[in-house]
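# Working through the structure, step by step
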Amino acid sequence: MEELLKVEQLKKHFVTSRGIVQAVSEATFSITAGETLGLVGESGSGKSTVAYMVMGLYQPTDGNIRFKDKNIGKYHQKRPLELKKELQIVFQDPGSSLNPRRSVGKILELPLKIHRIDSQFNLRKRILDLLDMVGLPKEYETKYPSSLGGGEKQMVAIARALSTDPSLIVLDEPTSALDVSIQAKIINTLIRIQKERNLGYLFITHDLSLMRNIAHRVAIMYLGRIVEQALTKDFFETPLHPYTQMLLASIPVVSEEEEKIKPERITSVGEIPSPVNIPPGCVFHPRCPKKMDICSQEEPTMVEYKPGHFVRCYLY
Amino acid sequence: MNGVLEETLTTIDDKRDDHRTRAGRWWYQFSKNPLSVVGLAIVIFVVCSAIFAPWIAPYPEHAGPYVNYGEANQSPSTNHLFGTDVFGRDILSRVFFAFRSALLMGIVVLAIVVPIGVTLGLIAGYFKNTWIDTVVMRITDIFLSVPPLILALAITSVLEPNLTNAMIAVSVMWWPWYTRLVYGMATSIRNEYFVQSAELLGASKFHILFREILPNCLSTILTKMTLDMGWVILIGASLSFVGLGEQPPKPSLGTMVSDGARYLPEYWWMAVFPGLAIMLIVLGFNLLGDGIGDLFSMEES
């Protein structure tokens, strides 16, 4: 399978008045065409920073971002137009991602014009096609964002991301600002479009249970590090890292069937520390129920426990 | 019973139809505040009397170098509603013509000031924390730190005193306000996702500044412009009061007040009526500006 995105040893440190914020310290992952990688973490874990680096809104402090075998780890203003066409993003807040003073038609027209996707005469048909793809009626072309609901706005944002016919879309918590009923609709649309166009998704979220439905692989981030990465099935059946087990144990369940597949109850202790004061050794050790002496002294490295199942923990 | 209910429902529907069009809805909101309507009426009156001055002024020829000592210093009467000045010219006619230069001043100044101030503010705001921001905003600060009327007085007294130079002087002191206003808005709007999205799509700087950010500032700019019309006219009148605006024999409200003030209190009408005219214009634009501001803030919420 064609490898779209390859991120290696990605680092991002911000210099602030309170000290150096180590937002991302170690992120390595890849995404192939037609695949969804779920990047999951609490707020402050650095998952959005990773997404913004992939898009070029931040410049990496260190490490590589390769897209179709080309190094793209630079600021978006220095990226060529063809690359911008290939990479698109859907932001978290649909209210702010659409200009309130521009109609839906105008919003969708912009990328088509910039990238000269089609001749002037076909623009309108293209716009209507895009609306149709995300399941919005064609009258929406003349509507303004203020008259749309949150879910509809997000659909327009998705249509905009699709307009340039990209091969990879970064989804930065696209459903977390929406009602649960609308979430399902958005997710289903995303899955359908992915199948139709063989798209790669980098899905950023804090909602683990959502990942079971959409992600092919899941990566868990904690304090700027990916601590576990596995195929979705392995991930939910045999979670390895104590942090992952803690997260999975905290998902509320309704049926006994679901209860059975949950790992043994691990109560969560404490909160994610500030990325300014990273704990020494394994960054999770202050909260870890299974910590050993070595954990507070030296940081563990990523090991491949099983083919395709990576974990950063001394237990394995 | 059913019939009555149906009738009520239809009337409600009809009322809704009234407000369905955008303009209708705007007027409904705007007219809720009677003061805004008064402001609008004053502005319309002033604008119309300026445009149609040659036809509605009772003595249009009095707006120029006309002298008739036989009718000088007459108090208000049916012939001369606002009385006459020391040259025997009808003050009402001269006020109508003075509206022309007053409005011209406001329009020309804003037409110069708004594009310059807004563009600089957009650029400085979008490039916040770069050298462009520093250069533009520090220059703006320098202009803002000079007392406005003093600056205008200095400029007009160096240049030849006439209406054109008064306009230039007021423009020089007025643009920084728009730069400041738009700068503040642009710095917050540029962080919105829709701006980032346009950047990531590869939109040009021109598009981002003028198509994405500017439309979101327009309502505030428009409100400030309406309010400023009044203030610019007031400053213009102050300049002509000290003899640095429109030169006689052309009528200007400030000059009329300063000339008339010499004959107070016996010939009170010479200063009071042009003074009231200035007040009327400033009041009208202020009330209208407030009304427009309310309208936009309601539209946005």
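What counts as what
- Residues numbered from 1 in each chain as written.
- Chains lettered and ligands numbered in written order.
- Predicted model: local features only at pLDDT ≥ 70, side-chain atom pairs only at ≥ 80, totals over all residues.
- Heavy atoms only, no water.
- Salt bridge = Lys/Arg side-chain N within 4 Å of Asp/Glu carboxyl O.
- Helix = DSSP H or I, 4+ residues; strand = E, 2+ residues; numbered from the N terminus.
- Buried < 20%, exposed > 50% of the residue type's maximum accessible area, 1.4 Å probe, protein only.
- Axes fitted to C-alpha atoms, helices over the stretch in contact; angles between N-to-C directions.
- Parallel < 35°, antiparallel > 145°, perpendicular 65-115°, else oblique.
- Left-handed = near helix turned anticlockwise from the far one by under 90°.
- Contact = heavy atoms within 4.5 Å.
- Nonpolar A, V, L, I, M, F, W, Y, C, P; charged D, E, K, R; others polar.
- Polar contact = N/O pair within 3.5 Å; in protein donor to acceptor, adjacent residues only side chain to side chain.
- Domains from an automatic or database assignment.
- Buried area = accessible area lost by both parts, 1.4 Å probe.

## A few points about the pattern of salt bridges
Under the criterion given, the structure shown has 22 salt bridges over all chains. The partner of Lys113(A) in a salt bridge is Glu109(A), and the shortest N-O contact between them spans 3.3 Å. Remark: Glu109(A) and Lys113(A) occur in helix α4 (residues 104–114); sequence separation between them is four residues, near one turn of the helix. The class of Lys113(A) is partly exposed, set by a relative accessible area of 42%. Taking relative accessible area as the criterion, Glu109(A) reaches 17% and is therefore assigned buried. Between Arg94(B) and Asp85(B) there is a salt bridge; the shortest N-O distance is 3.9 Å. A single burial state applies to Arg94(B) and to Asp85(B), both of which are buried. Among the ionic contacts, a cluster of salt bridges with common partners joins Lys106(A), Glu109(A) and Lys113(A).

## Topic: the packing of helix α6 (residues 131–145) of chain B against helix α8 (residues 163–189) of chain B
All names here are of chain B. Across the interface, α6 lies against α8 with an axial gap of 9 Å and an inter-helix angle of 135 degrees. Here α6 lies oblique to α8, going by the angle between them. Seen along the crossing, α6 lies across α8 with a hand that is left-handed. Together, Asp133, Val136, Met137, Arg138, Ile139, Thr140, Asp141, Phe143 and Leu144 of α6 and Val172, Trp175, Pro176, Trp177, Thr179, Arg180 and Tyr183 of α8 make up the contact between the two elements. Among the residues forming the contact of α6 with α8, the class breakdown is ten nonpolar, two polar and four charged.

## A closer look at the side chain of Gln229(A)
Residues and elements named next belong to chain A. Locating Gln229 in the fold gives a position in strand β10 (residues 225–231). Residue class for Gln229 comes out buried when judged on its relative accessible area of 6%. Among the polar contacts listed, one links the side chain of Gln229 to the backbone oxygen of Thr28, at a separation of 3.1 Å. When neighbours within four sequence positions are excluded, Gln229 is seen to be in contact with Thr28, Phe29, Leu37, Arg217, Val218, Ala219, Gly308, His309 and Phe310.

## Quick look at the domain arrangement of chain B
Residues and elements named next belong to chain B. We note that the domain assignment places domain 1 (1–30) and domain 2 (42–300) within chain B. Once you take the C-alpha centre of each, domain 1 and domain 2 turn out to be 40 Å apart. If you look at the interface, domain 1 gives five residues, while domain 2 gives six residues. Both sides together, the interface formed by domain 1 and domain 2 hides about 490 Å², and carbon and sulfur atoms give 70% of it.

## A closer look at the packing of helix α6 (residues 150–162) of chain A against helix α7 (residues 180–197) of chain A
For any two helices packed against each other, one specifies the crossing angle of their axes together with the interaxial distance. All names here are of chain A. One way to put it is that α6 packs onto α7 with a least axis distance of 10 Å and a crossing angle of 15 degrees. One finds that α6 runs roughly parallel with respect to α7. The crossing of α6 and α7 is right-handed. Contacts between α6 and α7 involve Gly151, Gln154, Met155, Ile158 and Leu162 from the first element and Ile182, Lys185, Ile186, Thr189, Leu190, Ile193 and Arg197 from the second. Looking at the contact of α6 with α7, its residues break down into seven nonpolar, three polar and two charged.

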